[in-house]
Protein chains: 2
Amino acid sequence: MKRYLPLFASAAICAALPVSAQEAKTYPAPSEIVAAAKAEEWVAIAPSDLLVMELAPDSKGKPRRVIIQLIPAPFSQGWVGNIRKLAAAHWWDGTSINRVQDNYVVQWGDATEKKALPEGLAVVPESEYVAKLFKGLNLKNFLPRFLAAFPDFAKKFPEVAEKDPKEFEMALRKDLESHVDPYAKGNRNLGGWPVAGDYEVGTFWPTHCYAMVGVGRNLSPDTGTGAELYTVIGHAPRHLDRNIALVGRVIEGIEHMSSLPRGTGALGFYEKEEERVPILSVRLGNEAKDVPAFEYLSTDSDSFAAYADARANRRDAFFNVPAGGADICNIPVPIRRKAN
Amino acid sequence: MKRYLPLFASAAICAALPVSAQEAKTYPAPSEIVAAAKAEEWVAIAPSDLLVMELAPDSKGKPRRVIIQLIPAPFSQGWVGNIRKLAAAHWWDGTSINRVQDNYVVQWGDATEKKALPEGLAVVPESEYVAKLFKGLNLKNFLPRFLAAFPDFAKKFPEVAEKDPKEFEMALRKDLESHVDPYAKGNRNLGGWPVAGDYEVGTFWPTHCYAMVGVGRNLSPDTGTGAELYTVIGHAPRHLDRNIALVGRVIEGIEHMSSLPRGTGALGFYEKEEERVPILSVRLGNEAKDVPAFEYLSTDSDSFAAYADARANRRDAFFNVPAGGADICNIPVPIRRKAN
């Protein structure tokens, strides 16, 4: 049973260490912990889970490519399915970025709102804004669904979870609920993604952190198709959690969006057609050319636990006072191009 | 004694209201609450508390002006004093923006690091990263200092505070500590600024929210002079709280900084001299020409309390699920140009 304790307890243990000025200099920075992670702690991202968006070149003729990773099950798969269809139909080719609101979002899609959508897109119900993994404390129901939802996590503790699922579940719950913030009783990076959860009602949902990609929609009961997308370019607008579908995150090239001129219309919409940034093409990663391979640091690895602890308690040379905590959006999952 | 309870209790009361789809449509959005605030709930910002920075015009010849409000006592006044001297000496004229790191900061100052500083700048000790308002629960000591530090707050409850300072302090403490987040036991907008506090040790400090302006420094014990400044252009880097001096916030023109091309060097520094953005001048607001008057919504007003509650529990038409809370950086203090 002790096998999983180091993971759950690491933050608390490290936070209790006495920190003198000299000792502080020996603590690695979060980036150094990531750089030292073992090869087997990195998880490859399948090319078919990437969206490759080519914007028109910038004013100096430089290409602008934005790469998005689509979110895996158990989250938002109805919209993700639509997005795969839209990309396969080359639907976004010739559309544009139409809205850049400072400290909020960049939004793209069909500015005319008249372009016909491909057939067969799903109408996804609002209930899908969250993943319902269990009801009450029905462990028999919960554990298999949780481990199926977050297979990396399951890989790490198969015997533990099988031998004593109740204790495993309680430890997991305690861990999740120890990461409280104003938006959720529990927050944790799970399966490579920032996730909030409510154990009382058994729901989990991805969180609106910087660079996360969501689905624009009209007023309820509309949930959006996935044709109109946005990404976060400011402080995490967590009030959108559970109110809009999150379908992925920008993993490369966000600067091509975040540094665009802000729109001067209401909500940051561009007022003139010529301000819009043309989208040349959007392709799934397995259809696009020259797409590098990417990998993320497993959120269930020892190195990730050390990295998350270091983000919450900076003790590297620059820092005098470790914060004692960090919100989920201040512990971004490390993602990098895979070395050849 | 009841007079101040509505303020402290408003968030909890409203959060408990049943929200049906129909009722939701009758709730005003945060922006509507701000627009409806009474004239006397707005507080004028003195021109002498503004820094007016003129950047070189953009590629289309458009002027780029950034206006910063300096933070008032009890925070960071040693550095703020230095900044007033640097502005009076026109020290920043001819310097530049040298660093733009995505989802982090824009930084400006003397790229050559050789420009002589004006005489008489203070060397501010690290202890000034926080304001120490009281020790333990010494109310006699605390209350006058707290009310002196946050005069708007004091104005609202003078009789209450005088009649029963102990009950007033306990209510205040309870209120502050009800706004917990991973970075601080207590968070509250106070005196017009986002503030975190620790009642156990009696310290309060401003928080690293979007657009806040801080003082670049070298390794401890260096605390920076104020000549090298940065502003936050991404998710709140709250781990910097108590580790760097915060001296103000950008109140107009942040888009001229946040939309700059990202630097490609380490930490987002521009690698080539021609990438740097020239700073034509920086003046105090009372020395600069054509500076509009600004005002902020008193953080101790009824409208601010309603606004903060609405930010934490969105019930306007777009939203299905109120978050139930909001972190301090997701409740930005409303600031606007004063109508003539």
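None of the values given here were measured: they were computed from a predicted structure.

Colleague: Quick rundown of the interface of chain A and chain B? Include the residues and the values.
Modeller: With 46 residues of chain A at the interface, the matching set in chain B holds 46 residues. Taken together, both faces of the contact between chain A and chain B bury some 3,700 Å²; the carbon and sulfur share is 54%. Of all residues in chain A, the largest losses of buried area upon contact with chain B belong to His235, His239 and Phe318 of chain A, amounting jointly to 19% of the total for that side. At the boundary of chain A with chain B, the tally comes to 23 residue pairs in polar contact (both at pLDDT 80 or more). Considering only residue class, the side of chain A that touches chain B consists of 22 nonpolar, 13 polar and 11 charged.

Colleague: How would you explain the environment of Glu295 of chain A if you had to name every residue and give the values?
Modeller: All names here are of chain A. Tracing the backbone through its elements, the reader meets Glu295 in strand 14 (residues 294–297). By relative accessible area, which is 7% here, Glu295 ends up buried. Along the backbone, Glu295 and Arg337 are 42 residues apart, and their C-alpha atoms lie at a distance of 6.4 Å. When neighbours within four sequence positions are excluded, Glu295 is seen to be in contact with Trp42, Val43, Ala44, Ile45, Pro334, Ile335, Arg336 and Lys338. There is a polar contact of 2.8 Å between the side chain of Glu295 and the side chain of Arg336.

Colleague: Outline helix 4 (residues 77–88) of chain A, listing residues and values.
Modeller: Residues and elements named next belong to chain A. Across its 12 residues, helix 4 extends 16 Å between first and last C-alpha, which sits within 8% of the 16 Å expected from 1.5 Å per residue. Buried within helix 4 we find Trp79, Val80, Asn82, Ile83, Leu86 and Ala87. Viewed end-on, helix 4 has its buried residues packed into an arc of 155°, placing them on one side of the element. Of the surrounding secondary structure, the elements contacted by the buried residues of helix 4 are strand 2 (50–55), strand 3 (64–70), strand 10 (212–215), strand 11 (229–232), strand 12 (246–252) and strand 13 (277–284). Positive phi shows up at His90, right after helix 4, with a value of about 55°.

Colleague: Break down a negative patch on the surface for me, with residues and values.
Modeller: Side chains of Glu271, Glu273, Glu274 and Glu275 of chain B sit close together on the surface and give a patch of like negative charge. Tracing the sequence through the fold places Glu273 of chain B in the loop between helix 9 (255–258) and strand 13 (277–284).

Colleague: For the relation of the copies chain A and chain B, give the residues involved together with the corresponding values.
Modeller: Overlay of chain A on chain B (RMSD 0.0 Å): rotation 180°, translation along the axis 0.0 Å. This pairing of chains is accounted for by a two-fold axis.

Colleague: For the side chain of Gln107 of chain A, give the residues involved together with the corresponding values.
Modeller: All names here are of chain A. In this structure, Gln107 sits in strand 5 (residues 105–109). Of the residues examined, Gln107 reaches a relative accessible area of 9% and is grouped as buried. Within the structure, Gln107 has its side chain in polar contact with the side chain of Arg99 (distance 2.8 Å).

Colleague: Summarise the pairing of strand 5 (residues 105–109) of chain B; cite the residues concerned and give the values.
Modeller: Residue and element names in this part refer to chain B. Strand 5 sits mainly inside the fold: five of its five residues count as buried. Residues Val105, Gln107 and Gly109 point to one face of strand 5 and Val106 and Trp108 to the other, with burial holding for every one of them. The pairing of strand 4 (residues 96–100) with strand 5 spans four bridges and is classified as antiparallel. Pairing of Arg99 across the sheet is with Gln107, part of strand 5. Following strand 4, the chain reverses through four residues before pairing antiparallel with strand 5; Asn103 in that reversal takes a positive phi of roughly 55°. Pairing of strand 5 with strand 11 (residues 229–232) involves four bridges; the strand directions are antiparallel. From the neighbouring strand, Trp108 faces strand 11, where its bridge partner is Leu229.

Colleague: So what's going on with the sheet that holds strand 1 (residues 42–45) of chain A? Residues and values would help.
Modeller: Residue and element names in this part refer to chain A. Read from one edge of the open sheet, three strands run 1-14-15, paired in antiparallel fashion. Strand pairing shows two members of the sheet lacking a second neighbour, strand 1 and strand 15 (335–337), which therefore form its edges. On average, adjacent strands in this sheet sit at an angle of 35° to one another, irrespective of strand direction. As paired elements, strand 14 and strand 15 share three bridges and run antiparallel to each other. The residue of strand 15 that forms the bridge with Phe294 is Arg337.

Colleague: So, helix 8 (residues 165–177) of chain A: which residues are in play, and what are the values?
Modeller: Between its first and last C-alpha atoms helix 8 of chain A spans 18 Å; for 13 residues at 1.5 Å apiece the expected length is 18 Å, and the two agree. Taken residue by residue, helix 8 of chain A has Phe168, Glu169, Ala171, Leu172, Arg173, Asp175 and Leu176 of chain A as its buried positions.

Colleague: I'd like a description of the sheet that holds strand 1 (residues 42–45) of chain B, backed by residues and values.
Modeller: Residues and elements named next belong to chain B. Strand order in this open sheet of three strands is 1-14-15, and the pairing throughout is antiparallel. Where the open sheet ends on each side, the last strands, each with one partner, are strand 1 and strand 15 (335–337). Looking at each pair of strands side by side, their axes are set apart by 35° on average, direction ignored.

Colleague: Can you break down empty space enclosed by the protein residue by residue, with the values?
Modeller: Scanning the model with the defined rule gives five cavities of 30 Å³ or more in all. Estimates place the volume of the largest cavity at around 120 Å³. Along the wall of the largest cavity there are 15 residues; nearest its centre are Tyr183, His235 and Asp327 of chain A together with His235 and Asp327 of chain B. Split by residue class, the lining of the largest cavity holds seven nonpolar, two polar and six charged.

Colleague: Could you give an account of the packing of aromatic side chains, naming the residues involved and the relevant values?
Modeller: The description of two aromatic rings rests on the distance between their centres and on the angle between their planes. Here the structure, examined in full by the defined rule, presents eight aromatic pairs over all chains. Ring centres of Trp79 of chain A and Tyr129 of chain A lie 5.5 Å apart, and the angle between their planes is 5°; this geometry places the pair in the stacked category. Residue Trp79 of chain A is located in helix 4, and its partner Tyr129 of chain A is located in the loop between strand 5 and strand 6 (131–132); the two are separated by 50 residues in the primary sequence. Exposure remark for Trp79 of chain A: the relative accessible area of 0% places this residue in the buried category. A residue is classified by how much of its surface remains accessible, and Tyr129 of chain A, at 5% relative accessible area, is buried. With centroids separated by 5.6 Å and ring planes inclined at 75°, the aromatic side chains of Phe318 of chain B and Phe319 of chain B adopt a geometry described as edge-to-face.

Colleague: Before we move on, can you summarise the state of the cysteines with the specific residues and values?
Modeller: Residues and elements named next belong to chain B. A full pass over the atoms with the stated rule returns two disulfides over all chains. A disulfide bridge connects Cys209 with Cys329, and the sulfur atoms are separated by 2.1 Å. Residues Cys209 and Cys329 are joined by a disulfide whose S-S torsion is about -75°; by sign, that bridge is left-handed. Taken together, the residues Cys209 in the loop between strand 9 (203–206) and strand 10 (212–215) and Cys329 in the loop between helix 10 (302–312) and strand 15 connect sequence positions 120 residues apart. Residue Cys209 is classed as buried on the basis of its relative accessible area of 7%. Taking the relative accessible area as the measure of exposure, Cys329 reaches 7% and is therefore buried.

Colleague: Which residues make up the environment of Ile71 of chain A, and what values do they have?
Modeller: Within the secondary structure layout, Ile71 of chain A lies in the loop between strand 3 and helix 4. Between the C-alpha atom of Ile71 of chain A and that of Thr112 of chain A, which follows or precedes it by 41 residues, the distance is 28 Å.

About the thresholds
- Within each chain, residue numbers correspond to sequence positions counted from 1 in written order.
- For naming, the first written chain is A and the first written ligand is 1, with later ones following in the order written.
- Per-residue local features of the predicted model are confined to residues with pLDDT of at least 70, and side-chain atom pairs are confined, for both listing and counting, to 80 or more; whole-chain, interface and lining totals are unaffected and use all residues.
- The side-chain figures draw on all heavy atoms in the structure; neither hydrogens nor water molecules are used.
- Contact between two residues is taken to exist if any of their heavy atoms lie within 4.5 Å; hydrogens are not considered.
- As used here, buried area is the combined drop in accessible area, with a 1.4 Å probe, of two parts when they are placed together.
- Polar contact is defined as a pair of N or O atoms within 3.5 Å, subject to the rule that within protein one atom must be able to donate a hydrogen and the other to accept it, and that residues adjacent in sequence are counted only when both atoms are side-chain atoms.
- Side-chain classes are defined by residue name, with Ala, Val, Leu, Ile, Met, Phe, Trp, Tyr, Cys and Pro counting as nonpolar, Asp, Glu, Lys and Arg as charged, and the others, Gly among them, as polar.
- Each helix is a run of H or I in the DSSP string that is no shorter than four residues. Each strand is a run of E no shorter than two, and both are numbered from the N terminus.
- Partly exposed describes any residue whose relative accessible area lies between the buried limit of under 20% and the exposed limit of over 50%, with all areas from a 1.4 Å probe on protein chains only and scaled to the type maximum.
- How far a helix is expected to stretch is found by multiplying one less than its residue total by 1.5 Å.
- The directions from the helix axis to the C-beta atoms are what the arc is built from.
- Here, patches come from residues exposed beyond 30% relative accessible area and free of salt bridges, joined within 9 Å for like charges and within 5 Å for nonpolar side chains (Val, Leu, Ile, Met, Phe, Trp, Tyr).
- Here the accessible surface of atoms and residues is derived via Shrake-Rupley with a 1.4 Å probe, and residues count as covered only by protein chains that are part of the display.
- The salt bridge definition used is simple: a Lys or Arg side-chain nitrogen within 4 Å of an Asp or Glu carboxyl oxygen.
- Within this scheme the basic residues Lys and Arg register as positive and the acidic residues Asp and Glu register as negative, but His and the chain ends are omitted.
- Charged groups are reduced to one reference atom each: NZ for lysine, CZ for arginine, CG for aspartic acid, CD for glutamic acid.
- Copies overlap after least-squares fitting; the atoms used are the C-alpha atoms of residues with pLDDT of at least 70 in both.
- Strands pair, by our definition, only if DSSP identifies at least two bridges between them.
- Orientation is described by axes fitted as lines to C-alpha atoms, over the contacting stretch for helices, and by angles from 0 to 180 degrees between their N-to-C directions.
- Here a cavity denotes a set of grid points, spaced 1 Å apart and computed over the protein atoms alone, in which a 1.4 Å probe fits but from which it cannot get out, and a pocket denotes an open set meeting protein on both sides within 12 Å along at least five of seven lines; residues with an atom within 4 Å of a point are reported as lining.
- Grid points are joined across faces, edges and corners, and a volume is the space filled by probe spheres set on the points.
- In this scheme Phe, Tyr and Trp rings, the latter by its six-membered ring, pair at centre separations within 6.5 Å, and the angle between planes marks the pair as stacked below 30 degrees, edge-to-face above 60, and tilted otherwise.
- Our working definition of a disulfide is a cysteine sulfur pair at a distance within 2.5 Å.

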